[in-house]
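Observations on the model geometry
Each chain, written out:
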Amino acid sequence: MPTLKMILNGQEVFVDVEAGDLLADVLRDRLGLIGTKISCGEGECGACTVLVDGKAVDSCLYPALKVQGREVVTIEGLGEDNRLDPIQQAFVDKTAPQCGYCIPGMVISAKALLDENPHPTRQEIEEGISGNLCRCTGYYQIIEAIELAAERLAEKGGPK
Amino acid sequence: MSNRVVGQSVPKIDAATKVRGQRKFPQDFNMKGQLYAKVVWSEYPHARVLKIDVSPAEALPGVVAILTSKDVPVNEYGINIVDQPVLVGEGEKVRWLGDRIAIVIGESEKIAQEARQLVRVEYEPLPVVSDPREAMKPGAPLIHEERGDSNILKHIKIRKGDIEKGFAEADVVIESYYVTPHVEHAYMQPEAGVGYIDEKGRVTVIAAAQWSHDDLHQISHMLDLPLDQVREIVPAIGGAFGGREDMYIQHLLALCAYCVRRPVKMVFDREESIRNTGKRHPYYMKYRTGATKEGKLTAVEIELISDAGGYASTSIPVLNNAASFAAGPYVVPHAKVDAYTVYTNNAVTMAMRGFGSTQPAFAYEMQMNKLAEALGVDPVELRMKNLLEDGSIALTGNPMPKGVGIKETLRQAALGAGWREEADHWIKPDLGTPSAPYRRRGIGVACGYKNVGYSFGFDDKTRVIVELALDESGEIARALVKLGASDQGMGAHTALAQIAAEALGIDYEKVRVALVDTSVVPDAGSCSASRHVYMSGNAVIRACQEAVRKRQEALRTGERRVSAEYEYHGRSVRPTTPYDDENGMCDPHISYGYTSQIALVEVDVETGQTEVLKLLAAQDVGKAINPEMVKGQAGGGVHMGLGYALTEKFIQKEGLVKTRRFSEYHIPTVADMPREFIPFIVEVPDPTGPFGAKGVGEMTTLPTAPAIISAIHDAVGIWIDNLPATAEKVWWKMKEKAGMA
């Protein structure tokens, strides 16, 4: 069984995986990171979105071995123990989560967007989360949350 | 009176853990030594099972058990009518694709998955009945032979006034036939959970559910165990929208745990979730509406036929609702309604946001817009002449209770959209220039109303326990609200915590709402019928008042813990009554919520594609306990309404499923939503509601589809009477109108 080495949420992690194992399953079942959700299992909904070297990917389709030696960020990698990441805080402040099942994926997609484009237009925000389905909210408060996060991050001098 | 907590958009009680990904949903639970289960689903929509051979599957190493009908102590269940087998045995019938033949339990998910493909089932296919209009004819193949000689589950008759007189008084009569499709709930969290035997020997299920205490009754019946030997725990629910009111996995998990006495985990994949769970009912609706040339409604004649699918589920209560709302929120002196729900071999149909109020809302609002056009009256003005007010006599002969806010919702939406009110006339705004020469603009109006709480004589009740922890000085340090109210995401627990904080006079942060665990919390009824703010809110206030009284005693005795309990009954404000068998007259509902929406669209005449530029949504919620949550409900309701209008259709052919995943069943993405969304919160208090509150969850979806479809008509002159108005359908209809098809 090959050993996968990755930098997961800033920590070096080693885990034995099989060739066909998918990143989402390894994160959830082997590493206990349940914040990454599986909804469609085929890359149509974005609930399983994580960052690989800063890019948002659907971890339910992503072969685990493809992250060999690379950096992976999941929802658990955002914020600190007693402080939310500014994007997470904006989601709370804008009442964005309803059921919350899509929310980790939404937050990660928002992070990928804001890391690359700190001052997105509304259209760019929509494009940034167009691969993330939500059945509860109509997306409006999620968009508002990302706008608010961008504003707050700009005040602080950009995302990190 | 000003409120400190109620009316404030406090952060949702579970928001921080949700944005961190820490809130556990059913699939996030794992137990030591757990096994994995997979279901062997029916391959036919209607067939007799001749033989089930589990031996090749049993031979696979790692397979622990294969459960068939023989393993189910009492092999039947059903939320309203007990007509569903848990597992279908040899010699018995499957009646839709979601019927189950066996459950395979293995040491790993992979083993269970592999083993289920090795179970061999022989079927004798039977004639498939896929259209309720055919199914209701005498001589149609029977779906449930054991239930009499017809597939018709229920026929409701409403006879109000004198229908012939009503049409004789009409100057204009509009006749149309409307069809709405099966709709998938499409909650993001597929069915999942764990079943196990707890430390007290109880068969326990962790799963998403809308009414855990009702599940408990059904599981106890199935396993032939006393109620105190079964238990259900409801962690975070990943959406429900009615789809978790029936059991689709809870009883299976219970059965697995009961049979193998070890923890068993089961997770449906998306295709299983879409293929094998209930849907919104398709309705076939024949409408005839008459009005005077002054725009006063005189009569409606309505036939509703609903497709119940293979099992009853809540098709009858859904039909009850549909019939009672069939004429819309209008005063109609003469009416005749015949409503039927009929078994077929299609997907089981069940509760879904609106519970029977959504389908007729499409029909009655299309009728109003067609009438407005025929009479040459503005669609807002026509409605204003006919909308219900306090004390108006509804379709079922009952006076409307105080707090009818429908006119105010329409007024706010119309003014927001640019309508002008001059003397008694309403004048439509100029819509501006389309964004491209090949696009046409149009605007559409629709209203809707729906009940809050359980209806037609059902004793709707909710039980709450409030526990206070007092500090040294006797002040309330913490309050715990215990009730079996599921929070499927809309924020019921947040709203109830706000109500408790207000009633106790303490900070919101000091209130917790207990996890729904039937061994700890009392039965608060279903999380449906937009009822928890109203019903459970009323119970919470009264339990808190009792707790405050008890605290006074505690202050004397030095006791530091206080507990109070209250059971609130809807009949204490309005004893509802069932339909009269002959004329349908009754007082159907406890309370109501009202809504109006206006849609501005552009239709691309070359492709038939509709884009919704702006949607104004006004909801009368009585009192917004948390305004941002109300807006969230409006956004979500519009999302579903827009899918209903333009893209969503669960397609079956002869009972087989053609739309199995999100790439085939299209729920709106962010790019599909109205460019601009303007919610209005209207607060016409219901004097019987907590702080005047009504309900909001379902009403927000009712007017979206008719508003959009009427806007398409305004833009390009075609009426789409069967949903959804896909680009293809709109394009063909435009061709037809131009005489080119």
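Predicted model only: the values in this text are computed from it and were never measured. (Residues numbered from 1 in each chain as written. Chains lettered and ligands numbered in written order. Predicted model: local features only at pLDDT ≥ 70, side-chain atom pairs only at ≥ 80, totals over all residues.)

**Details of the overall build of chain A**
Scanning chain A for helices and strands turns up five helices and five strands. In sequence order, the secondary structure elements of chain A are arranged as β-β-α-β-β-β-α-α-α-α. Against the compact-globule benchmark of 15 Å for 160 residues, chain A has a radius of gyration of 15 Å, which places it among compact chains. Its C-alpha atoms give chain A principal-axis dimensions of roughly 45 × 30 × 25 Å. Going through the 160 residues of chain A one by one, you find that 57% of them count as buried. Sequence separation of 24 or more characterises 60% of the internal contacts of chain A that already satisfy a separation of 6 or more. (Helix = DSSP H or I, 4+ residues; strand = E, 2+ residues; numbered from the N terminus. Rg over C-alpha atoms; globule rule 2.2 N^0.38 Å. Buried ≥ 20, exposed ≤ 12 C-beta atoms within 10 Å, placed from the backbone. Contact = placed C-beta atoms within 7 Å.)

**Let's talk about the overall build of chain B**
Secondary structure summary: chain B contains 17 helices and 31 strands in total. Radius of gyration (C-alpha) of chain B: 26 Å, near the 27 Å computed for a compact globule of 741 residues. By its C-alpha atoms, chain B is 75 × 75 × 55 Å across when sized along the principal axes. Here chain B holds 741 residues, and the buried ones make up 61% of them.

**As for the domain arrangement of chain A**
All names here are of chain A. For chain A, the assigned domains are domain 1 (3-77) and domain 2 (86-156). Placing a centre on the C-alpha atoms of domain 1 and another on those of domain 2 gives a separation of 21 Å. Each partner contributes to the interface: domain 1 provides 15 residues, whereas domain 2 provides 13 residues. At the level of elements, β3 (49-52) and β4 (55-58) are the ones that each hand at least two residues to the side of domain 1 that touches domain 2. When residues of the side of domain 1 that touches domain 2 are assigned to their parent elements, the largest contribution, three residues, is made by β3. Here the side of domain 1 that touches domain 2 is built from residues that sort into seven nonpolar, six polar and two charged. (Domains from an automatic or database assignment. Nonpolar A, V, L, I, M, F, W, Y, C, P; charged D, E, K, R; others polar.)

**Regarding the sheet that holds strand β16 (residues 297-309) of chain B**
All names here are of chain B. Strand order in the open sheet formed by five strands is β7-β17-β16-β15-β8, and the pairing between neighbours is mixed. Whereas interior strands pair on both sides, the edge strands pair on one side only; in this sheet they are β7 (152-160) and β8 (172-180). Direction aside, the axes of adjacent strands within the sheet are offset by 5° on average. Pairing between β16 and strand β17 (residues 334-343): ten bridges, direction parallel. Note on β17: the bridge partner recorded for Ser 306 is Thr 341. In this fold helix α10 (residues 358-375) packs onto β8, β15 (283-291) and β16, with an angle of close to 145° to the strand it touches most, β8. (Pairing = 2+ DSSP bridges. Axes fitted to C-alpha atoms, helices over the stretch in contact; angles between N-to-C directions.)

**Observations concerning unusual backbone geometry**
With an omega of -5°, the peptide bond between Leu 723 of chain B and Pro 724 of chain B qualifies as cis. Phi is positive for Tyr 139 of chain A, which is not a glycine, with a value near 75°. Position of Tyr 139 of chain A among the secondary structure elements: in the loop between α4 (122-128) and α5 (140-156). Despite not being glycine, Phe 691 of chain B has its phi angle at roughly 60°, a positive value. Looking at the element boundaries, Phe 691 of chain B is found in the loop between β31 (676-682) and α16 (704-716).

**Notes on the environment of Ala 149 of chain A**
Residue and element names in this part refer to chain A. For Ala 149, the location among the structural elements is in helix α5. Spatially, the C-alpha atoms of Ala 149 and Cys 136 are 21 Å apart, while their sequence positions differ by 13 residues. In contact with Ala 149, not counting residues within four places along its chain, are Pro 86, Ile 87, Ala 90, Ala 110 and Leu 114.

**Description of the pairing of β4 of chain A**
Residues and elements named next belong to chain A. By the bridge criterion, four bridges tie β3 to β4 in an arrangement that is antiparallel. Along β4, the bridge assignment pairs Leu 51 with Ala 56. If you look at the hairpin formed by β3 and β4, you'll find two residues sitting between the two strands, and Asp 53 has a positive phi there, around 50°.

**With respect to the packing of helix α2 (residues 86-93) of chain A against α5 of chain A**
Residue and element names in this part refer to chain A. At a closest axis distance of 8 Å, the pairing of α2 and α5 adopts a crossing angle of 135°. In terms of axis orientation, α2 runs oblique to α5. In this structure, α2 crosses over α5, and the sense of that crossing is right-handed. Facing Pro 86, Ile 87, Ala 90, Phe 91 and Asp 93 of α2, the residues of α5 in contact are Ala 145, Leu 148, Ala 149, Arg 152 and Leu 153. Split by residue class, the contact of α2 with α5 holds eight nonpolar, no polar and two charged. (Parallel < 35°, antiparallel > 145°, perpendicular 65-115°, else oblique. Left-handed = near helix turned anticlockwise from the far one by under 90°.)

**Structural notes on the interface of chain B and chain A**
Tallying the contact residues gives 44 residues for chain B and 38 residues for chain A. Within the residue set of the side of chain B that touches chain A, elements represented by two or more residues are α1 (15-19) and α15 (627-647) of chain B. The greatest single-element share of the side of chain B that touches chain A, amounting to seven residues, is contributed by α15 of chain B. Residue composition of the side of chain B that touches chain A, grouped by class: 20 nonpolar, 14 polar and ten charged.

**Side note on the pairing of strand β22 (residues 461-470) of chain B**
Side-chain positions along a regular strand alternate between the two faces of the sheet. Residues and elements named next belong to chain B. Pairing geometry for β22 and strand β26 (residues 561-569), over nine bridges, is antiparallel. Bridge assignment links Thr 462 to a residue of β26, and that residue is Tyr 568. Summarising the sheet, β22 and strand β23 (residues 476-482) pair through six bridges and their orientation is antiparallel. Paired with Glu 467 across the bridge in β23 is Leu 480. Between β22 and β23, which pair antiparallel one after the other, the connecting turn spans five residues, and Gly 474 there sits at a positive phi close to 90°.

**Focus: the nonpolar core**
Counting residues in each nonpolar core, the largest one holds 309 residues, and the members touching the most others are Val 104, Ala 500, Ile 708 and Ile 712 of chain B. Excluding residues within four positions of it along the chain, Ala 500 of chain B makes contact with Val 466, Ala 479, Val 481, Val 511, Val 540 and Cys 544 of chain B. (Core = buried A, V, L, I, M, F, W, Y, C linked by C-beta atoms within 7 Å.)

**Some remarks on helix α1 (residues 23-30) of chain A**
Residue and element names in this part refer to chain A. Buried residues dominate α1, accounting for six of its eight residues. The elements touched by buried residues of α1 are β2 (11-16) and β3. Where α1 terminates, the next one or two residues include Gly 32, which has phi positive at roughly 70°.

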